[in-house]
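Structural overview
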Amino acid sequence: MRRSTICVVLALIAGLVACPSTLFAQAVLTGVIKDVSGAVLPGVTVEAGSPALIEKVRTAVSDGSGQYRIVDLRPGDYVLTFSLTGFNTVKREGITLAGTATAVVNADLKVGSVEETVTVTGESPLVDVQGVATEHSVSRELIDAVPNGRTLQNMAVLIPGMVVGSGANSVQDVGGSALNGVQSISIHGSNRLDQRMLMDGLPLSTASGNSTTFLSNVASMQEFTIDTSGLSAEDNAGGVRMNVIPREGGNLFHGSVFMDLSGPSLQSSNYTSDLAARGFPAPNPVKALKSSYTINPAGGGPILKDKLWFYVSANRLRSESYVAVYPNLNAGNPNSWLYAPDTSATLPISGVLYYSENARLTWQASQRNKLAFYADYQVRCICPQSLPTLSPEATSSTTFPAQRFVSVTYSAPVTSRLLVDAAVLDHLENGYRTIASDRSIIGVRDSVLGIMYRSYTETSITQNRNNNVRGAASLVTGSHALKAGFQGQWAKSYSQASSNPQSTDYTFASGVPTSITEFADPRESYNPTTELGLFAQDRWTIKHLTLTGGVRWDYFHSYFDPVTLGPIALAPTRNVSFPATEGATFKDVTVRAGAAYDVFGNGKTAVKMSLNKYLGAQLGSSATYAGLMNPVNLVVTSTTRSWTDSNKNFVPDCELQNTARNGECGALANLAFGLPVTNTTYDPSVVNGYGLRSNNWELVAGVQQQLTRSVAVDVSYFRRWFGNFTVTDNTLVAPSDFSQFSIVAPTDPRLPGGGGYTVGGLYNVSPAKFGQTANYITLADNYGTMVQRFQGVDVNATVRGRGGLTLQGGLSMGSTLTDACEVRAKLPEITLASGFGDPFAVNPTSPYCRNATPYLVQAKGLGTYQIPKVDVRVSAGIQSTPGPVVAANFNATNAFTQPSLGRPLSGNAANVSVNLIEPNQV
């Protein structure tokens, strides 16, 4: 299979020699040329000149309909020159291009002397009347001016509708206070895993998925674009796509240094009297930021004028914040098992240190051949990585050494109608988690206090490598822009994790031991994957109407090398070998369709609609049909057992290697601990074939209107729905093997109505079936309908005033529906995580299988203004977003469950976790 894959790729590359093209093109200039009578003029030579082009000028010729089109233009200021024998020459100045938008610039030529030149000065269009993609361009000026964190995600969150991810990646940046650079973002109901970061059209993603720990150096960016909907067939996914366009230098030397510094004196407190009156405790500290600074120099220029340009940059960031958790008075004492908060001590600090260097060479080898070489090296350390759920002695540090991105891109306008583009990259990301405490001490998680203390009992090593090649061809006429191309990606991920020498940690409830977690150390995984894509797309303009259509074929293949697992501390007789194993082989065909109509033909009013199908991310160790099919990843690496500390000595008086109940310890929750779950099988019909990957459809309809010379408004409707959900069916249990029960919520003033109400719809497997597992992974449609859907409306405005005034912003409102109730009724054992409404994951003791959010509203905006005469720029950004949905996770003991269940919890469990609040109730 691998050999045939390589042959396919070589054939595709060979095919490009005969049919080159462009991929991830940049801005486009187009329009219609007429004479004074209104007749169209074919054969007009159109030149686009700009200092942003190392070749200085790009040329096109109008076709039989009088239309011209010049593609793949870098951001910058342009002058258009229209010339035709027998007519005077017309120059159009004042055209600024950004992103991948299409600027329509028409021209009227009069009969006259060729030497006569008419110069017209005008502004760039505010409305793109031909493109259907929703794109936001962040220019060099905005990057420098807006007071926000200097990462792609931190600037992207200023877009109305953008949502920061959940969990560890949910930090909302304010003014650069969050510098970890790994936030995940989504918009209009898209999946956070579908977020992509690109550098000059090349993916920064890792082998562990579309995420990345790579942090782009803002000083080396010319601009970056954020595509949020209506994406072309050049990409298989439909989430947020951010593409960095790097600076290239120029024919003049220039440089800059950006620096900032902040501390608690520049931070306000959002703890108000209203929050105090509602019972919210005063935060400690009231101001979390300790210090933050950035030093970011950059510069470039010519090595050989009009021939070889360079640009280099360096970056150093540091941020430190206090974390609201008190140190433990018993820290470091191996004989003390209780957490005793020291309320008089200084709170711990979480810090981020980052530095990087990058360089880019742009070589105009000949008039038609251009090469660009880019290299970026960076190191990042979250040192220490303090969290509110970790006592300081259990704090870890995560370092990312030797982050590397190296690429070569090639482009050539073979003729005025044919453009070549190709690129290769090598991308490496390493991540090491180290422990800041004594790993010989067993860590304790207190489920009631919500904190881990004594030690953080895991260290891990990860490595992700991604090799990518792409190429395409673009055949451009005035009315048509036809693209065809391919992409290939070969990714490898490696991970290793281990806990303390005892391979255990403990769980307490308010200082009382309840269970033990056992680990099968060390835990290793190696996951290679291959992805290939072919696409073709055309844009056809017929008078006022522009139609966009595309089709894409994708191929995905996972496979796993042989491996042997030997004895471990808690499974000393283990000896298991796996041969080389095939994973999944997917083939998919997806379509893109869109239409844009210039209502009045003046470039100021556009009606747009698009309908696209996208694929979900499949890379990574956590993807169902990628890493999770690896036999090594089917090994049960951890399990729990109940613990009744009868003699209160905080030592489990039992034999941990014995899987059965003995002494103070219950039986292992999973008797296959340390062994592969060989009874996990995959539905043969969903691991090899067409149309099997997770997918989503997106419908967008909207109107763009330029109200005045400097003001434009965009109103759009968005709807997204998902398909091909997978579920895990434990075939050894049936719905009849589960007992439904309820609990009565405790009395607590923080709960709705003060508590005391009944929470039902909970499941507990019968004791006879506890621990029995034979998993069958298949499509959810085999058990019922599962729904994940979003719909909403955005209203955005752009103001481009005189004197350097720029305003962007608007409102976004939308609602998400997730519903897995039909499937849960047939599979009470299923667990569905983040895709279904954090923090309301679906599981046996989470009854909230349907979550319909109200229409939540965001308001966001940014602006800059150049003060006349003094040459000083002022800027601001504002965000108003809904607060987080509140959950109340309660550890319900047998005293709460047994009145309804009629028996103790299965497996001698001391408690189960139940969320006492319905979704969106608080």
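Residues numbered from 1 in each chain as written. Predicted model: local features only at pLDDT ≥ 70, side-chain atom pairs only at ≥ 80, totals over all residues. Heavy atoms only, no water.

**Focus on the pairing of strand S19 (residues 308–322)**
Two strands pair when backbone bridges link them, and strand S18 (residues 289–304) and S19 are joined in this way by 12 bridges, in the antiparallel orientation. Across the sheet, the residue bridging to Tyr 293 is Arg 318, located in S19. Connecting S18 to the next strand, S19, in antiparallel fashion are 3 residues, including Asp 306 with a positive phi near 60°. Across 15 bridges, S19 lies against strand S20 (residues 349–364) in antiparallel orientation. Paired with Arg 316 across the two strands is Tyr 355, which belongs to S20. (Pairing = 2+ DSSP bridges. Helix = DSSP H or I, 4+ residues; strand = E, 2+ residues; numbered from the N terminus.)

**Some words on the packing of aromatic side chains**
Across all of its chains, the model carries 13 aromatic pairs by this definition. Where Tyr 506 meets Trp 643, the ring centres are 4.9 Å apart and the plane angle is 65°; that geometry is what we call edge-to-face. Here Tyr 506 is found in strand S28 (residues 504–509), whereas its partner Trp 643 is found in the loop between strand S36 (638–642) and strand S37 (681–682), with 137 residues between them in sequence. One exposure class covers both Tyr 506 and Trp 643, and it is buried. Ring geometry for Phe 556 versus Phe 586: centroids 6.0 Å apart, planes at 25°, classification stacked. Highlighted residues: Phe 556 in strand S31 (residues 545–560) and Phe 586 in strand S34 (residues 581–598), separated in sequence by 30 residues. Per residue, the accessibility class of Phe 556 equals that of Phe 586, and both read buried. (Phe/Tyr/Trp six-rings, centres within 6.5 Å; stacked < 30°, edge-to-face > 60°. Buried < 20%, exposed > 50% of the residue type's maximum accessible area, 1.4 Å probe, protein only.)

**A short note on the state of the cysteines**
All chains considered together, the criterion is met by 3 disulfides. For Cys 381, the disulfide goes to Cys 383, at an S-S distance of 1.3 Å. Judged by its relative accessible area of 14%, Cys 381 falls in the buried class. Across a sulfur-sulfur distance of 2.1 Å, Cys 821 and Cys 849 are joined as a disulfide pair. On the sign convention where negative means left-handed, the S-S torsion of about 95° between Cys 821 and Cys 849 marks this disulfide as right-handed. Of this pair, Cys 821 sits in helix H5 (residues 821–826) while Cys 849 sits in the loop between H5 and strand S47 (850–852), and the two are 28 residues apart along the sequence. (Disulfide = S-S within 2.5 Å.)

**Digging into the side chain of Thr 853**
With respect to the secondary-structure elements, Thr 853 resides in the loop between S47 and strand S48 (856–867). Classification of Thr 853 by relative accessible area gives buried; the value is 17%. Side-chain polar atoms of Thr 853 contact the backbone nitrogen of Thr 816, separated by 2.9 Å. Other than its neighbours up to four places away in sequence, Thr 853 contacts Ser 815, Thr 816 and Asn 920. (Polar contact = N/O pair within 3.5 Å; in protein donor to acceptor, adjacent residues only side chain to side chain. Contact = heavy atoms within 4.5 Å.)

**Things to note about a nonpolar patch on the surface**
Judged by side-chain polarity, Ile 303, Leu 304, Leu 361, Trp 363 and Phe 373 come together as a nonpolar surface patch covering roughly 440 Å² of accessible area. When residues of the nonpolar patch are traced back to their parent elements, those giving at least two are S18 and S20. With respect to the helices, strands and loops of the structure, Leu 361 is situated in strand S20. Its relative accessible area of 36% is what places Leu 361 among the partly exposed residues. (Patch = residues over 30% accessible without salt bridge, like charges linked within 9 Å, V, L, I, M, F, W, Y side chains within 5 Å. Areas by Shrake-Rupley, 256 points an atom, 1.4 Å probe, with all protein chains shown as cover. Salt bridge = Lys/Arg side-chain N within 4 Å of Asp/Glu carboxyl O.)

**Considering the sheet that holds strand S15 (residues 221–229)**
Strand order in the open sheet made by the 5 strands is S10-S15-S16-S13-S14, with mixed pairing throughout. Of all the strands in the sheet, the pair left with one neighbour each is strand S10 (134–139) and strand S14 (202–203). Here 6 bridges tie S15 to strand S16 (residues 241–246), and the two strands are oriented antiparallel to one another. Within S16, the residue paired with Glu 223 across the bridge is Ile 245.

**A closer look at the confidence of the model for the protein chain**
Mean pLDDT over the protein chain works out to 86, with 91% of the residues at or above the 70 mark. For residues 1–25, every residue scores under 50 in pLDDT, and the model assigns this stretch 58 contacts once sequence neighbours within four places are set aside. Counted against residues more than four places away or in other chains, residues 834–839, with its pLDDT under 50, gives 17 contacts. (pLDDT = per-residue confidence, 0-100.)

**Here's the deal with the nonpolar core**
Among the nonpolar cores identified, the biggest contains 31 residues, and Met 162, Phe 224, Ile 226, Met 242 and Phe 405 are the most heavily contacted of them. Looking at this core, the elements with two or more residues in it are helix H2 (140–145), helix H3 (152–156), strand S11 (162–164), strand S12 (185–187), strand S13 (196–199), S15, S16 and strand S23 (418–435). Not counting residues within four places of it along the chain, the set of residues in contact with Phe 405 comprises Met 199, Leu 202, Pro 203, Leu 204, Phe 214, Tyr 374, Ala 375, Asp 376, Leu 425, Asp 426 and His 427. (Core = buried A, V, L, I, M, F, W, Y, C linked by side-chain atoms within 4.5 Å.)

**Details of the pattern of salt bridges**
Close approach of charged atoms allows side chains of opposite charge to pair. Taken as a whole, this structure holds 23 salt bridges when the rule is applied. The partner of Lys 370 in a salt bridge is Glu 248, and the shortest N-O contact between them spans 3.3 Å. On the criterion of sequence distance, the pair formed by Lys 370 in strand S21 (residues 370–385) and Glu 248 in the loop between S16 and strand S17 (254–262) is long-range, its members being 122 residues apart. Exposure remark for Lys 370: the relative accessible area of 14% places this residue in the buried category. The exposure class assigned to Glu 248 is buried, which follows from its relative accessible area of 5%. Arg 641 is the salt-bridge partner of Glu 518, the closest N and O atoms lying 2.9 Å from each other. Of this pair, Glu 518 sits in strand S29 (residues 512–519) while Arg 641 sits in strand S36, placing them 123 residues apart in sequence.

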